[in-house]
Amino acid sequence: MLNRSLSTFMNAFTASDYTLYPFSTQNPKDFQNLLSVYLDATFFPCLRELDFWQEGWRLEHENPRDPQTPLTFKGVVFNEMKGAFTDNERIFSQHLQNRLLPDHTYSVISGGHPLCIPDLTWEQLKQFHATHYHPSNARFFTYGNFPLEQHLRQIHEEALSKFEKIKPNTAVPTQKPWDKPREFQITCGPDALAADSSKQTTVGVGFLLPDITDTFEAFTLNLLSSLLISGPNSPFYKALIESGLGTDFSPDVGYNGSTREAYFSVGLQGVAEQDVQAVRDIIDRTIEEVLQKGFEDDQIEALLHKIEIQMKHQSVSFGLTLTSYIAPCWNHDGDPVELLKLGSQVARFRQCLRENPEFLREKVKQYFKNNPHKLTLSMKPDNKYFEKQTQKETEKLKQKIDCLSPKDKKQIYEKGLELQTQQSKAQDTSCLPALKVSDIEPTIPLTHLEVALAAGETPVQYCAQPTNGVMYFRAFCSLHTLPEELRPYVPLFCSVLTKLGCGLLDYRQQAQQIELKTGGMAASPHVIPDGTHLDVYEQGVLFSSFCLDRNLPDMMQLWSEIFHSPCFEEEEYFRVLVTMSAQELSNGVPDSGHLYAMVRAGRTLTPAGDLQETFSGMDQVKLMKRMVGMSDIGRVLRKLPRITKHVLNRDNMRCSVNAMPQQMSLAEKEVEKFVQNVGRSKAEWKPGHLSVVEKPAPSGSSGSTHISGPRVLRKLITDPTFKPHQMKTHFLLPFPVNHVGECVRTAPYTDPDHASLKVLARLMTAKFLHTEIREKGGAYGAGARLGRDGMFTFYSYRDPHSTETLQSFAKAVDWAKAGRFTQQDIDEAKLSVFASVDAPVPPSDRGLDHFLYGLSDELKQVHREQLFAVSHDSLVAVSDKYLGVGRGTRGLALLGPENAKIAKDPSWIVR
């Protein structure tokens, strides 16, 4: 359905005790189509034995010609879960829940432990589905402005009316409370990216909390959790994070309300084994201190302000967020409507505080100090962890094979051939509903923008939107004068800029003011490709924040102090932030390995690709790892003021504001004041081998009917000496699965070929790569995509194969060049592309394409028409022109275990 719909979201989520099937679309006909398919898939799946083999697990011959050849496990879900358990944070979180709630369903892994998945039988699956996936056990949630009556009618006619009501008996019993605390120790794989190999232990303490159907108690404990662990002013942050004993909080820290009875956990990761007891002592001591001191009023007000602004902030995933918020409680027969009354819960919370000043301290005493249902969990690395897992898998395989008769093996072999035949056939999707290309809107609505000059020269883009009483401010500052040796430190600069203090505020006071007056203040590095040339790009830092209308003066004052007098003097706290950032990057690699592979593969194809690797690739992960190991972190800290000279000035700055129309005059006044307070550049421009190209963004004077005011000049960078070249990199990591990326240099955004390549990427994904790499190869995910930068990228995710997957990428190109696809296939790919192109944009982000990329609605309309015009001939042509052997320059990258073939190939760099 991804290719027959204009869906803005479509997925299925497995929680610990329910499955959620969410989808969304802006098209009423599409909504009915998707609802129909989702009802069918949920309640009337075709549970054939062969389908079970394909999606669950299977035994397949390594040599299909020889039925006596040893058998190996293969399967999408199997490899998904193998990949999931390469993530040490996932392992810890899973064991925390399993051990804290050991009596019932929460003691097992809902997604399936890799070694247990092969034991599931087809009959068990069918029986489980019949009882658990029955309408009597279902709940339906809709959000949006389509008529509710139509939804209810369709649900009744297509699902409910076709079943008799049953009693599914799926209620989860309460956990029997313990009479004394418990302790467990577990192991995990070593972290190859850890800064200090001797500090890889994780320790956490968990406490069982009440039933989540007590909505106010759950609301209160969720707030209490935030007061205990969120931000540098919280007790556990001060005591644990700033102790220097670990690198970051333990996984799953804070309140977890996803199970029938909630729980709270706190601890540290990146700890030396000998410091585990010290961490435990700090946790106990901190609870005692909270009982004595309580919380400051400003901390509580900052938290309640956060709830207020979250209720007003509009996002495109608001409906999905609400669904996810109410699902756990509703699943256990809690009141979903009561859950949504956040305003009344805040009022009741305030009343409790007024009537009883000891309200929160009493909760701490009840649930933390005097709670015997307390679990201490520690996890340390085992250098043979993955080897042991492989051995268990081998033993499991042998056990399965040993109990097979020759007749069983022959049957499995024949089923393997049947499955292979089925997978090689074109699927008949004619039974599925579909939109047509003619259902797509031919034009896009215009977003009206006004550009004015603040302080006589700094362009500010104003976009009046129904923002629900929230102001959104952004500033973009060019980095074109930044010396090359400072580039790698820009991400760190952005990360710590709003966290180290500014003006007269130390870092704790700054954090408090940001929480009291804003919804967040952030800085992030950006590499923005030019729409007309692959080797031209803009580099800069995007500053972004939002606040309630009444707090705009305070928010802009905070930005003024950050720009005018940032603090880079807290060396010890700077080390804490560096350590946390390094740990977060390291933790993210197992789950985002395909993204790192894709970035690395594009490194040598464009100058922008090289900078992207510096900012957000494996180079950045390894740099942060080295920083943590530095004895003199001050050497890095002293680089940051040098970066400020190039960034925090108004010479190369542009701003944008999205707000309610009636608030624009206030916004203009405050932005004017801010810009006037920002200083001039003190940096000297030393171009070196780079050249600056000034490019005006579209405006009313250049023919854009929706933009009024002066033109914005963007300073782009080009490197006349750059030559694209191929590079193949293998990052050796102790994963049982691979993440693969191959990137090809193609055409920029404004080139008509770009539109054809965009459709081609979706076509290849749906009609070739998914079948070859996921269904046949067993990878959890695979596909192709075209970036705005003109890089065409193939990728796979949690993939048991590597070089074979690269061969599948090449076969996909041959398939496309041969034109082995139909007009129906092309139309479906277009639907999928337009679902992304026309994805809803929240009021906060409208006009952002013009502000950041210099794209007017007219330019986007031209691109839209190019997408409509994509044909069979143009798809075949771009396949040959850019993707054929010897055509476009390409790069390859792989993250995963040792690979004998690659080790013998001198064209690969192994790191």
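Here the structure is a predicted model, which is why all the values come from computation and not from measurement. (Residues numbered from 1 in each chain as written. Predicted model: local features only at pLDDT ≥ 70, side-chain atom pairs only at ≥ 80, totals over all residues. Heavy atoms only, no water.)

**A short note on the UniProt feature "domain: Peptidase M16C associated" (unreviewed entry) in the protein chain**
Quick note on the threshold: UniProt positions are given in the numbering used here, feature names are shortened, and annotations may be inferred rather than shown by experiment. Secondary structure elements follow DSSP: runs of H or I no shorter than four residues count as helices, runs of E no shorter than two count as strands, and numbering proceeds from the N terminus.
Mapped onto the present numbering, the UniProt feature "domain: Peptidase M16C associated" (unreviewed entry) falls at residues 379-627. As annotated, residues 379-627 comprises 47% helix and 19% strand, and the C-alpha atoms at either end are separated by 25 Å.

**A few points about the side chain of Asp753**
Put simply, the rule reads: Think of it in three bands: with a 1.4 Å probe and only protein chains considered, a residue is buried below 20% of the maximum accessible area for its type, exposed above 50%, and partly exposed in between. In protein, a polar contact means a hydrogen-donor-capable atom and an acceptor-capable atom, both N or O and within 3.5 Å, with residues adjacent in sequence counting only if both atoms are side-chain atoms; elsewhere, any N or O pair within 3.5 Å suffices. Between two residues, a contact is recorded if the distance between any of their heavy atoms is within 4.5 Å.
Residue position: Asp753 is located in helix H27 (residues 752-776). Judged by its relative accessible area of 16%, Asp753 falls in the buried class. Side chain to side chain, Asp753 and Tyr882 meet in a polar contact 2.7 Å long. In this view, Asp753 contacts Ala747, Val878, Lys881 and Tyr882; residues no more than four positions away in its chain are not counted.

**So, the confidence of the model for the protein chain**
For the record, the criterion: The predictor attaches a confidence to each residue, and that confidence, scored 0 to 100, is pLDDT.
Of all residues in the protein chain, 96% attain a pLDDT of 70 or more, and the chain-wide mean is 92. Of the regions scoring below 50 in pLDDT, residues 54-74 engages in 63 contacts with residues more than four places distant in sequence or in other chains.

**With respect to the packing of aromatic side chains**
Under the convention used in this document: Aromatic pairs are defined between Phe, Tyr and Trp rings, using the six-membered ring for Trp, whenever the two ring centres lie within 6.5 Å; interplanar angles under 30 degrees are classed as stacked, those over 60 as edge-to-face, and all others as tilted. Sitting over a ring, as applied to charges here, requires NZ of Lys or CZ of Arg to be within 6 Å of the ring centre and within 35 degrees of the ring normal.
One pass over the full model with this rule turns up 32 aromatic pairs. Between Phe236 and Phe264 the ring centres are 6.5 Å apart and the planes differ by 35 degrees, which places this aromatic pair in the tilted class. Placement of Phe236 in helix H8 (residues 235-239) and of Phe264 in strand E11 (residues 261-271) is noted, with a sequence separation of 28 residues between them. For the pair formed by Phe236 and Phe264, the shared burial category is buried. Summarising the aromatic geometry, the rings of Tyr507 and Tyr573 are spaced 3.7 Å apart at their centres and angled 10 degrees between planes, so their arrangement reads as stacked. Separated by 66 residues along the polypeptide, Tyr507 in helix H18 (residues 507-517) and Tyr573 in helix H20 (residues 571-588) bring together distant segments of the chain. Residues Tyr507 and Tyr573 agree in their burial class; the two are buried. Taken together, Phe473, Phe543, Trp559, Phe563 and Phe674 form an aromatic cluster joined through their ring pairs. The residue whose ring lies beneath Lys162 is Phe44, and the NZ or CZ to ring-centre distance is 5.8 Å.

**Details of the side chain of Thr86**
The topology assignment puts Thr86 in the loop between helix H3 (76-84) and helix H4 (88-100). Setting aside anything within four residues of it in sequence, one finds Thr86 in contact with Phe386, Pro590, Phe735 and Pro736.

**Some remarks on the environment of Arg354**
The residue Arg354 is located in helix H13 (residues 342-355) in this model. Taking the C-alpha atoms as reference points, Arg354 and Phe809, 455 residues apart in sequence, are found 65 Å from one another.

**A word on helix H28 (residues 803-817)**
Defined as follows: Expected span, for any helix, means 1.5 Å times one less than how many residues it has.
Look at H28: 21 Å from first C-alpha to last across 15 residues, which is about the 21 Å you get at 1.5 Å a residue. Thr803, Thr805, Leu806, Ser808, Phe809, Ala812, Val813, Trp815 and Ala816 are the residues of H28 that are buried.

**What about the sheet that holds strand E22 (residues 728-732)?**
Threshold: Here a strand pair is declared whenever DSSP counts at least two bridges between the two strands. Every axis in this analysis is a line fitted to C-alpha atoms, fitted for helices over the stretch in contact. Angles between the N-to-C directions lie between 0 and 180 degrees.
The strand order E24-E25-E23-E26-E22-E27 describes an open sheet built from six strands, whose pairing is mixed. Both outer strands of the open sheet, strand E24 (781-786) and strand E27 (908-910), are each paired with one neighbouring strand and no more. Put simply, the sheet's adjacent strands are angled 15 degrees from each other on average, direction ignored. Sheet analysis places strand E23 (residues 738-745) next to strand E25 (residues 791-799), joined by seven bridges and oriented antiparallel. By the bridge assignment for E25, Arg745 is matched with Met791. Contacting E23, E25, strand E26 (890-896) and E27, H28 crosses the sheet at an angle of about 140 degrees to E25.

**What about the pattern of salt bridges?**
Spelled out, the test is: By convention in these notes, a salt bridge is any Lys or Arg side-chain nitrogen within 4 Å of a carboxyl oxygen on Asp or Glu.
Counted according to the given criterion, the structure contains 51 salt bridges. Across the salt bridge formed by Glu123 and Lys126, the nearest N and O atoms sit 4.0 Å from each other. With Glu123 and Lys126 both in helix H5 (residues 122-132) and three residues apart, the pair spans about one turn of that helix. What you see here is one network of salt bridges that share partners, running through Arg600, Arg603, Asp610, Glu613, Asp619 and Arg911.

**Details of the packing of H27 against helix H29 (residues 823-837)**
How we decide: We call two directions roughly parallel when the angle between them is under 35 degrees, roughly antiparallel when it is over 145, roughly perpendicular when it lies between 65 and 115, and oblique otherwise. Helix crossings fall into two classes, left-handed where the near helix is turned counterclockwise from the far one by less than a right angle and right-handed where it is turned clockwise. Each residue is assigned to one class: nonpolar for Ala, Val, Leu, Ile, Met, Phe, Trp, Tyr, Cys and Pro, charged for Asp, Glu, Lys and Arg, and polar for all the others, Gly among them.
One can describe the packing of H27 onto H29 by two numbers: an axis separation of 8 Å at closest approach and a directional angle of 115 degrees. One element, H27, and the other, H29, form an angle in the roughly perpendicular class. Relative to H29, H27 is oriented so that their crossing is right-handed. Across the interface between the two elements, Lys758, Val759, Arg762, Leu763 and Lys767 from H27 touch Asp825, Ile826, Glu828, Ala829, Lys830, Ser832, Val833, Ser836 and Val837 from H29. In terms of residue class, the contact of H27 with H29 is made up of six nonpolar, two polar and six charged.

**Focus: the nonpolar core**
Stated precisely, the cut-off is as follows: Among buried residues, the Ala, Val, Leu, Ile, Met, Phe, Trp, Tyr and Cys ones that are joined through side-chain atoms within 4.5 Å form a nonpolar core. The domain boundaries here were taken from an automatic or database domain assignment.
Phe236, Phe368, Phe473, Phe543, Trp559 and Phe574 are the most contacted members of the largest nonpolar core, which totals 118 residues. In terms of residues, this core owes the most to one element, helix H7 (residues 215-229), which gives nine residues. Two domains each provide a minimum of three residues to this core, namely domain 2 (182-381) and domain 3 (452-695). If we ignore the near neighbours within four places in the chain, the residues touching Trp559 are Phe473, Thr498, Met521, Ala522, Phe543, Ser544, Ser545 and Phe674. Residues Leu760, Met764, Leu786 and Phe792 belong to the second largest nonpolar core, which totals 46 residues.

**Some points on the pairing of strand E16 (residues 521-529)**
Of the pairings in the sheet, the one linking E16 to strand E17 (residues 536-548) comprises nine bridges and is antiparallel in character. Looking at the pairing, Ile528 lines up with Glu538 of E17. The hairpin turn running from E16 into E17, its antiparallel successor, is six residues long.

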